[in-house]
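Examining the three-dimensional arrangement
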Amino acid sequence: MAVSPFTAGIRCRCPNCGEGRVFAGFLRFKERCEACGADFRIADAGDGPAFFVMFAALIFIVPSAMFFEFALRPPGWVHILIWPPITLAFSMFFLRPVKALLFALQWRHKAGEARLQEEPQE
Ligand SMILES: [Zn+2]
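Keep in mind it's a predicted model, so treat the numbers as computed, not measured.

Parameters and conventions
Residues numbered from 1 in each chain as written. Predicted model: local features only at pLDDT ≥ 70, side-chain atom pairs only at ≥ 80, totals over all residues. Heavy atoms only, no water. Helix = DSSP H or I, 4+ residues; strand = E, 2+ residues; numbered from the N terminus. Expected span 1.5 Å × (residues − 1). Bend = angle between axes of the 7 residues up to and from the residue. Buried < 20%, exposed > 50% of the residue type's maximum accessible area, 1.4 Å probe, protein only. Contact = heavy atoms within 4.5 Å. Phe/Tyr/Trp six-rings, centres within 6.5 Å; stacked < 30°, edge-to-face > 60°.

**Focus on helix H2 (residues 48-72)**
The terminal C-alpha atoms of H2, which comprises 25 residues, lie 36 Å apart, in line with the 36 Å expected from a rise of 1.5 Å per residue. At Leu58, H2 shows its largest kink, close to 30°. Listed in full, the buried residues belonging to H2 are Gly48, Pro49, Val53, Ala57, Ile61, Ala65 and Phe68. Where the residues of H2 are buried, they touch helix H3 (76-108). Of the residues flanking the end of H2, it is Arg73, one or two places downstream, whose phi is positive at about 50°.

What follows is the structure in structure tokens.
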């Protein structure tokens, strides 16, 4: 039974078996799945996770800050105190599942570096 890349990604689990954890550290992938032995060394999400998380932060946090400003008119230092920690927490919370999700999608669709042609078969 195929594992949904969305389920595996959000749970930060192996895109092959859905059981083993994909992360060895906060954002560093393990070399292999502890459950099925799948090779995670091909994982290359690049800047994708950071881009999507920053974009989501822009969509949710900037309007919240603007609403806060126009509704309550707080002094500027209140914004400096409130929004950086919220932005940091938002990013830290979503970066792992988004990175695992992009890896699971890469796994599912067998995405890799482009090649001009296949190696000749002997
Ligand atoms: Zn696995």
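**Brief notes about the packing of aromatic side chains**
Considering all chains together, one arrives at eleven aromatic pairs under this definition. Between the aromatic rings of Phe40 and Trp107, the centroid separation amounts to 6.4 Å while the plane-to-plane angle is 85°, which identifies the pairing as edge-to-face. On the criterion of sequence distance, the pair formed by Phe40 in the loop between helix H1 (5-10) and H2 and Trp107 in helix H3 is long-range, its members being 67 residues apart. On the basis of relative accessible area, Trp107 is assigned to the partly exposed category, the value being 21%. With centroids separated by 5.0 Å and ring planes inclined at 90°, the aromatic side chains of Phe93 and Phe94 adopt a geometry described as edge-to-face.

**Some remarks on the side chain of Gln106**
Looking at where Gln106 falls in the secondary structure, it is placed in helix H3. The contact partners of Gln106, leaving out residues within four places of it in the chain, are Ile42, Ala43, Asp44, Ala45 and Ala111.

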